[in-house]
Protein chains: 2
Amino acid sequence: MTPDAFASRLDRAAAAIEAMLARLIDATPRPGETLRPSRLVAAMGHATLGGGKRLRPFLLVETANLFGLSDEGVLRAACAVEMVHCYSLAHDDLPAMDDDDLRRGRPTVHRAFDEATAILAGDALLTLAFDTLADPATHPDAAVRADLVLRLARASGLGGMVGGQILDLGAEGRWSDDHRPLALDDAAIRRLQAMKTGALLRWPLEAGAVLAGASRDDVARLGRFGDIVGLAFQIADDLLDVEATPETLGKATGKDAGRGKGTLVGLHGVAAMKAELARLTAAAEAELAPWGPRAAVLLAAARFVAERRK
Amino acid sequence: MTPDAFASRLDRAAAAIEAMLARLIDATPRPGETLRPSRLVAAMGHATLGGGKRLRPFLLVETANLFGLSDEGVLRAACAVEMVHCYSLAHDDLPAMDDDDLRRGRPTVHRAFDEATAILAGDALLTLAFDTLADPATHPDAAVRADLVLRLARASGLGGMVGGQILDLGAEGRWSDDHRPLALDDAAIRRLQAMKTGALLRWPLEAGAVLAGASRDDVARLGRFGDIVGLAFQIADDLLDVEATPETLGKATGKDAGRGKGTLVGLHGVAAMKAELARLTAAAEAELAPWGPRAAVLLAAARFVAERRK
């Protein structure tokens, strides 16, 4: 699959996901709800709509597609992981956390609204993600829905994404006596990144397979592919922080070095990590081998992640 | 049931719930998790352990018990609603929200730790609540687990508790041009409170019945009982804010009047709302009539909520 063909496929999926997100985050109260306050709906929309590559939901859609499943339920589940991703950005951007003013070239939620609204919009997005997965409209089999909820909770909670975020703040020296960054070794950096960003890139691969009724072995294999993509994503992100400009990236660069943050790029250098990215792309291809050319889109996604320039 | 007998039953349940919370919020990673960071586990424990009446989980335990169900799964589901309650307190107490230093007579999470940790501990508690409900250890039937997740998400998300919290901040005048509190009428106050506190008091009644396999009619009836208890709870809370002292309450009093906050007590006066509480207790008793003396504990709970002095 050519990079251009991949890009246009990613764009088409992003449009479908954006439309479904807008349907899920609208002002109409659902059964069991009283009223959806307009300020909260607007802030949740600001946090999720209007931009982003939609990589995580794309991976879910394409994994389900690998097993021949493509319906509204797939799009709904895809939106759940994007909601979790976007809630985590809204909270990470808060003054008490990373204190960022810009995200995707637009004001962060607390800059566009205020801190209280950003906290609540994040809380509501996280809750709506589980609402969306548990709703019978996502899949007729309750066992599938409960499994997706449990896997997403494990990927994003205290032993996953949120745990990774607190490790990351700790690594910056926030709670050390001298407030100096910790010198993390290779294993500690990999573990932190597997939690902070890897788990939420693994989930859509597993979830797409679970939704489509794939075998346990196939779910596990796609999970391993997700781990590889997650690691490649983080290395590419760290490389961009060193090499890109704020204009192309839509957010500040050079932040890792400025904070003395431990990254694999900082530890091993740019050249070594570019070689590592090539190795990871080959490993990703090996995991997808059983599906042959049918997995061309997922393989292109792995390449895209490793080679992205923004 | 005498108030003393009820109090000792509530205390025993609270001890069992506290023990289960401690088991769920421990440092051992579960399948699908990498590592549970100690600072996060400690902050989640601070937010949830060591105090509180545990009213919401108690209501779930006693509702399941009404239908003859009493097992570890019931305690787990009961802990889920307490986690949501405690996460909402941790976030509501933040400087950007209500800016409180004390909760149950102890430092709030952001005072005991810091703001970033309090935000993340809240996020992780909310996530762990859904994790706990979706886990097969809570109930063997996935349809029950998915239903509990969906109901809790609706009760606590943008059309429920979180929505109520943003309406509450709005009612204080936070986003009005002159920052003066809004003059809410009776209907608007009731709606706000049904969302902010009512929905999370209704959930354990419905959830206890759903867990025990109760009929749709019984689930609905207990839901209505929960709505009555929720309204009584809020009126009693507003009365305490007028009549109690910070020493007996373990938190600041007089806050509603200080903020010009619209409450039913402020609108109709103390005497009228004490009469309303008596009416609500009678209505609660009427909903429980089909179960006769077997519902004595739930009825005592409704009385306790209406008459509590702290």
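Refer to the preceding data block for the structure.
Okay, so let's go over this structure. Only a predicted model underlies this, so the values are computations on that prediction, with no experimental measurement involved.

Quick notes on the rules
The numbering scheme is per chain: residues are counted from 1 as the chain's sequence reads. Key to labels: chains lettered from A, ligands numbered from 1, both in the order written. The predicted nature of this model means local features are confined to residues of pLDDT at least 70 and side-chain atom pairs, given and counted, to a pLDDT of 80 or more, with totals for whole chains, interfaces and linings taken over all residues. Side-chain figures throughout are based on the complete set of non-hydrogen atoms in the structure, without hydrogens or water. The way it works is that DSSP assigns letters per residue, a run of H or I at least four long becomes a helix, a run of E at least two long becomes a strand, and they are numbered from the N terminus. Radius of gyration means the value over C-alpha atoms here, while the globule rule gives 2.2 Å times the residue count to the 0.38 power. Working rule for contacts: check all heavy atoms of both residues, and any pair within 4.5 Å makes them a contact. In short, Shrake-Rupley with a 1.4 Å probe defines the accessible areas, and a residue's cover is counted only from the protein chains shown. Neither His nor the chain ends contribute to the count of charged residues, in which Lys and Arg are positive and Asp and Glu negative. Charge positions come from single atoms, namely NZ of Lys, CZ of Arg, CG of Asp or CD of Glu. A residue counts toward the fit only if its pLDDT is at least 70 in both copies, and the copies are then superposed by least squares on the C-alpha atoms of those residues. A fitted line through C-alpha atoms represents every axis, and for helices the fit uses only the stretch in contact; the resulting angles, taken between N-to-C directions, go from 0 to 180 degrees. Each angle is binned into one of four classes, with values under 35 degrees roughly parallel, values over 145 roughly antiparallel, values of 65 to 115 roughly perpendicular, and all other values oblique. In a left-handed crossing the near helix is turned counterclockwise from the far helix by less than a right angle, and in a right-handed crossing that turn is clockwise. Note on terms: buried area is the combined drop in 1.4 Å-probe accessible area of two parts once they are placed together, counting the loss on both. For salt bridges, the criterion is a side-chain nitrogen of Lys or Arg within 4 Å of an Asp or Glu carboxyl oxygen. Expected helix span is taken as 1.5 Å per residue step, with the number of steps being one fewer than the number of residues. Using a 1.4 Å probe on the protein chains alone, a residue whose accessible area is under 20% of its type maximum counts as buried, one over 50% counts as exposed, and one in between counts as partly exposed. The directions from the helix axis to the C-beta atoms are what the arc is built from. Amino acid classes used here: Ala, Val, Leu, Ile, Met, Phe, Trp, Tyr, Cys and Pro are nonpolar; Asp, Glu, Lys and Arg are charged; the rest, including Gly, are polar. Throughout, disulfides are identified as pairs of cysteine sulfur atoms within 2.5 Å of each other. Only Phe, Tyr and Trp rings take part, Trp by its six-membered ring, and two of them pair if their centres are within 6.5 Å. Stacked means planes under 30 degrees apart, edge-to-face means over 60, and tilted covers everything else. Definition of a polar contact: a pair of N or O atoms within 3.5 Å, with one able to donate and the other able to accept a hydrogen when the atoms are protein atoms, and with sequence-neighbouring residues admitted only if both atoms are side-chain atoms.

**Observations regarding the overall build of chain A**
Phase 1: Looking only at helices and strands, one finds 15 helices and two strands in chain A.
Phase 2: Computed over its C-alpha atoms, the radius of gyration of chain A comes to 19 Å, within 12% of the 19 Å expected for a compact globule of 310 residues.
Phase 3: Oriented by its inertia axes, the alpha-carbon framework of chain A measures out at about 50 × 50 × 35 Å.
Phase 4: Taking all contacts inside chain A whose residues are at least 6 apart in sequence as the whole, residues at least 24 apart take part in 73%.
Phase 5: Surface summary for chain A: the accessible area is close to 11600 Å², and the carbon and sulfur share equals 54%.
Phase 6: Taken together, the 37 basic and 42 acidic charged side chains of chain A have centroids lying 2 Å from each other.

**Details of the relation of the copies chain B and chain A**
Phase 1: When chain B is fitted to chain A, the residual RMSD is 0.0 Å, and the transformation amounts to a turn of 180 degrees plus an axial shift of 0.0 Å. Given the turn and translation reported, the copies of this chain are related as if by a two-fold rotation axis.

**Notes on the packing of helix α6 (residues 115-134) of chain A against helix α7 (residues 142-156) of chain A**
All names here are of chain A.
Phase 1: Running from amino to carboxyl end, α6 crosses α7 at an angle of 155 degrees, the nearest separation of the two axes being 8 Å. As far as their axial angle goes, α7 and α6 are roughly antiparallel. Between α6 and α7 lies a crossing whose hand is right-handed. Contacts between α6 and α7 involve A129, F130, L133 and A134 from the former and R145, L148, V149, L152, A153 and S156 from the latter.

**Focus: the interface of chain B and chain A**
Phase 1: The partner chain A presents 55 residues to the 55 residues of chain B that form the contact.
Phase 2: Here chain B meets chain A over a buried area of about 4800 Å², counting both sides, of which 75% is carbon and sulfur.
Phase 3: One can count four salt bridges joining chain B with chain A.
Phase 4: Where B:R154 meets A:D131, a salt bridge forms, and the shortest distance between an N and an O atom there is 2.9 Å.

**Describing helix α14 (residues 270-288) of chain A**
All names here are of chain A.
Phase 1: A rise of 1.5 Å per residue sets the reference length of α14, with its 19 residues, at 27 Å; its end C-alpha atoms lie 27 Å apart and thus fit the reference within 8%.
Phase 2: When α14 is considered as a whole, its buried residues turn out to be M273, E276, L277, L280, T281, A284, E287 and L288. Projection of α14 onto a plane perpendicular to its axis shows the buried side chains occupying an angular sector of 150 degrees, all on one side. α14 presents A271 and R279 as exposed residues on the side facing more than 90 degrees away from its buried surface.
Phase 3: Packing partners of the buried residues in α14 comprise α9 (186-211), α10 (216-243), α13 (264-268) and α15 (296-307).

**A look at the packing of α10(A) against α14(A)**
All names here are of chain A.
Phase 1: α14 packs onto α10 with a crossing angle of 160 degrees between their chain directions and a minimal axis gap of 9 Å. The orientation of α10 relative to α14 falls into the category roughly antiparallel. Read as a crossing pair, α10 and α14 show a hand that is left-handed. The segment α10 lies against α14, with R221, L222, R224, F225, I228, L231, A232, I235, A236, L239, V242 and E243 engaging V270, M273, K274, E276, L277, L280, A283, A284, A286, E287 and L288.
Phase 2: Looking at the contact of α10 with α14 residue by residue, the classes come out as 17 nonpolar, no polar and six charged.

**Digging into the state of the cysteines**
Should the sulfur atoms of two cysteines be covalently bonded, the bond is a disulfide.
Phase 1: Tallied over the full model, the rule gives zero disulfides over all chains.
Phase 2: Summary of cysteine pairing: A:C86 is not part of a disulfide, and the nearest cysteine sulfur, belonging to A:C79, is at 9.9 Å.

**Structural notes on the pattern of salt bridges**
Phase 1: Summed over the entire model, instances satisfying the criterion amount to 54 salt bridges over all chains.
Phase 2: Ionic pairing is found between B:R224 and B:E287, a salt bridge with its closest N-O pair at 3.1 Å. With a gap of 63 residues between them, B:R224 in helix α10 (residues 216-243) and B:E287 in helix α14 (residues 270-288) connect regions that are remote in the sequence.
Phase 3: Its salt-bridge partner being B:E276, residue B:R279 comes within 2.8 Å of it at the nearest N-O pair. Separated by three residues within a single helix, B:R279 and B:E276 lie in helix α14, roughly one turn from each other.
Phase 4: B:R279 sits in the exposed class, given a relative accessible area of 52%.
Phase 5: Residue class for B:E276 comes out buried when judged on its relative accessible area of 12%.
Phase 6: Connected through salt bridges with shared partners, the residues A:D147, A:R151, A:R202, A:E206 and A:D227 form a single ionic network.

**Brief notes about the packing of aromatic side chains**
Phase 1: What the rule picks out here adds up to seven aromatic pairs over all chains.
Phase 2: Between A:F6 and A:F58, the aromatic rings sit 5.5 Å apart at their centres with planes inclined by 90 degrees, giving edge-to-face as the arrangement. Pair noted here: A:F6 is in helix α1 (residues 3-24) and A:F58 is in helix α3 (residues 55-66), with a separation of 52 residues, a long-range link.
Phase 3: Owing to a relative accessible area of 3%, A:F6 belongs among the buried residues under this scheme.
Phase 4: Accessibility expressed as a relative area gives 0% for A:F58, which makes it buried.
Phase 5: Seen in terms of ring centroids, B:F67 and B:W291 are 6.0 Å apart; in terms of plane orientation they differ by 85 degrees. Their pairing is edge-to-face. Highlighted residues: B:F67 in the loop between α3 (55-66) and α4 (72-92) and B:W291 in the loop between α14 and α15 (296-307), separated in sequence by 224 residues.

**Describing the environment of A:V265**
All names here are of chain A.
Phase 1: Examined against the element boundaries, V265 turns out to sit in helix α13.
Phase 2: Judged by its relative accessible area of 5%, V265 is buried.
Phase 3: Counting along the chain gives eleven residues from V265 to E276, while the straight-line C-alpha distance between them is 10 Å.
Phase 4: Leaving out residues up to four positions away in the same chain, V265 has contacts with I235, D238, L239, V242, V270 and M273.

**Re unusual backbone geometry**
Phase 1: Despite not being glycine, B:R104 has its phi angle at roughly 50 degrees, a positive value.
Phase 2: With respect to the helices and strands, B:R104 occurs in the loop between β1 (102-103) and β2 (106-107).

**Examining the environment of A:I119**
Phase 1: On the secondary structure map, A:I119 appears in helix α6.
Phase 2: Residues A:I119 and A:A143 lie 24 residues apart in sequence; the distance between their C-alpha atoms is 32 Å.
Phase 3: Leave out the neighbours within four places in its chain, and A:I119 touches A:H91, A:L94, B:H91, B:L94, B:A96 and B:M97.

**Quick notes on helix α4 (residues 72-92) of chain A**
Phase 1: End to end, α4(A) covers 30 Å across 21 residues, agreeing with the expected 30 Å (1.5 Å per residue, within 8%).
Phase 2: Two or three places before A:G73, at the start of α4(A), stands the capping residue A:D71, its side-chain oxygen 3.1 Å from that residue's backbone nitrogen.

**Let's talk about the side chain of B:D100**
Residues and elements named next belong to chain B.
Phase 1: By secondary structure assignment, the location of D100 is in the loop between α4 and β1.
Phase 2: On the basis of relative accessibility, which here comes to 11%, the residue D100 falls in the buried class.
Phase 3: For D100, the contacting residues outside a window of four places in its chain are D93, T108, H110, R111 and K255.

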